[in-house]
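In case you want the letters, here they are:
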Amino acid sequence: MKLTGKDAASFCLNPKPAPAILLHGEPESKILRKYQSISERLVGENAKTEMRVTELSGAEIRKDKVLAIDATKAIGFFPGPQMVFITVSYTHLTLPTKA
C-alpha cells in the first residue's frame, strides 16, 4: 500500500494495524513526529515503559540480520500489541569507493 498526500495524512491520524509501515522522507524530524503519532495510536502511550516497543538501528541490523526477525517474533511480558521500530540514517553511512 502506498499512500501520498491527503491519504497519508489521514492514515497517520487514524492508522490501521499493518504487518509493516514504511515512513520515509525529509526532514527526519517530521518523519519522527509521524512515527510517534502512529505508535501512540497503535500500541498506546505507555508502550515504551511497558517494553512493548523494540527500537533497532540500521547499523545493528547490518551487523546481525536476525535481530529484526527475532524482535518481530518475540513474546512480551506485558499484554497488548507490540512494535518494532527500525531507524536508518544515511548521514553516517560510508560507502566504499573504487580506486
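Quick note: structure is the one above.
Our subject in this report is the structure included herewith. (Residues numbered from 1 in each chain as written. Predicted model: local features only at pLDDT ≥ 70, side-chain atom pairs only at ≥ 80, totals over all residues. Heavy atoms only, no water.)

With respect to the pattern of salt bridges
Okay, so step 1: Throughout the structure, instances matching the rule amount to two salt bridges.
Okay, so step 2: One salt bridge in this structure joins Glu-55 and Lys-48, with 2.7 Å as the shortest N-O distance.
Okay, so step 3: Taking relative accessible area as the criterion, Lys-48 reaches 52% and is therefore assigned exposed.
Okay, so step 4: Its salt-bridge partner being Glu-50, residue Arg-52 comes within 2.9 Å of it at the nearest N-O pair. (Salt bridge = Lys/Arg side-chain N within 4 Å of Asp/Glu carboxyl O. Buried < 20%, exposed > 50% of the residue type's maximum accessible area, 1.4 Å probe, protein only.)

Brief notes about the packing of helix 1 (residues 5-13) against helix 2 (residues 28-43)
Each packed pair of helices is defined by two parameters, the angle between the axes and the distance between the axes.
Okay, so step 1: At a closest axis distance of 8 Å, the pairing of helix 1 and helix 2 adopts a crossing angle of 45 degrees. Viewed along their axes, helix 1 and helix 2 adopt a mutual orientation that is oblique. Across the interface between the two elements, Phe-11, Cys-12 and Leu-13 of helix 1 pack against Lys-34, Ser-37, Ile-38 and Arg-41 of helix 2.
Okay, so step 2: A breakdown of the residues in the contact of helix 1 with helix 2 according to their chemical character gives four nonpolar, one polar and two charged. (Axes fitted to C-alpha atoms, helices over the stretch in contact; angles between N-to-C directions. Helix = DSSP H or I, 4+ residues; strand = E, 2+ residues; numbered from the N terminus. Parallel < 35°, antiparallel > 145°, perpendicular 65-115°, else oblique. Contact = heavy atoms within 4.5 Å. Nonpolar A, V, L, I, M, F, W, Y, C, P; charged D, E, K, R; others polar.)

Section: the layout of surface pockets
Okay, so step 1: The space that makes up the largest pocket amounts to roughly 1200 Å³.
Okay, so step 2: If you trace the largest pocket, you find 37 residues lining it, with Ile-21, Tyr-35, Val-84, Phe-85 and Ile-86 closest to the centre.
Okay, so step 3: Within the residue set of the lining of the largest pocket, elements represented by two or more residues are helix 2, helix 4 (66-73) and strand 2 (83-87).
Okay, so step 4: At eight residues, the largest contribution of residues to the lining of the largest pocket is made by helix 2.
Okay, so step 5: Counted as a void, the second largest pocket has a volume near 640 Å³.
Okay, so step 6: Contributing to the lining of the second largest pocket are 20 residues, with Leu-3, Ala-8, Leu-22, Leu-23 and His-24 lying nearest its centre.
Okay, so step 7: Looking at the lining of the second largest pocket, the element that brings in the most residues is helix 1, giving five residues. (1 Å grid on protein atoms, 1.4 Å probe; cavity = no way out; pocket = protein on both sides within 12 Å on 5 of 7 lines; lining within 4 Å. Points joined across faces, edges and corners; volume = space filled by probe spheres on them.)

A few points about the environment of Leu-42
Okay, so step 1: Position of Leu-42 relative to the elements: it lies in helix 2.
Okay, so step 2: Taking the C-alpha atoms as reference points, Leu-42 and Pro-15, 27 residues apart in sequence, are found 7.0 Å from one another.

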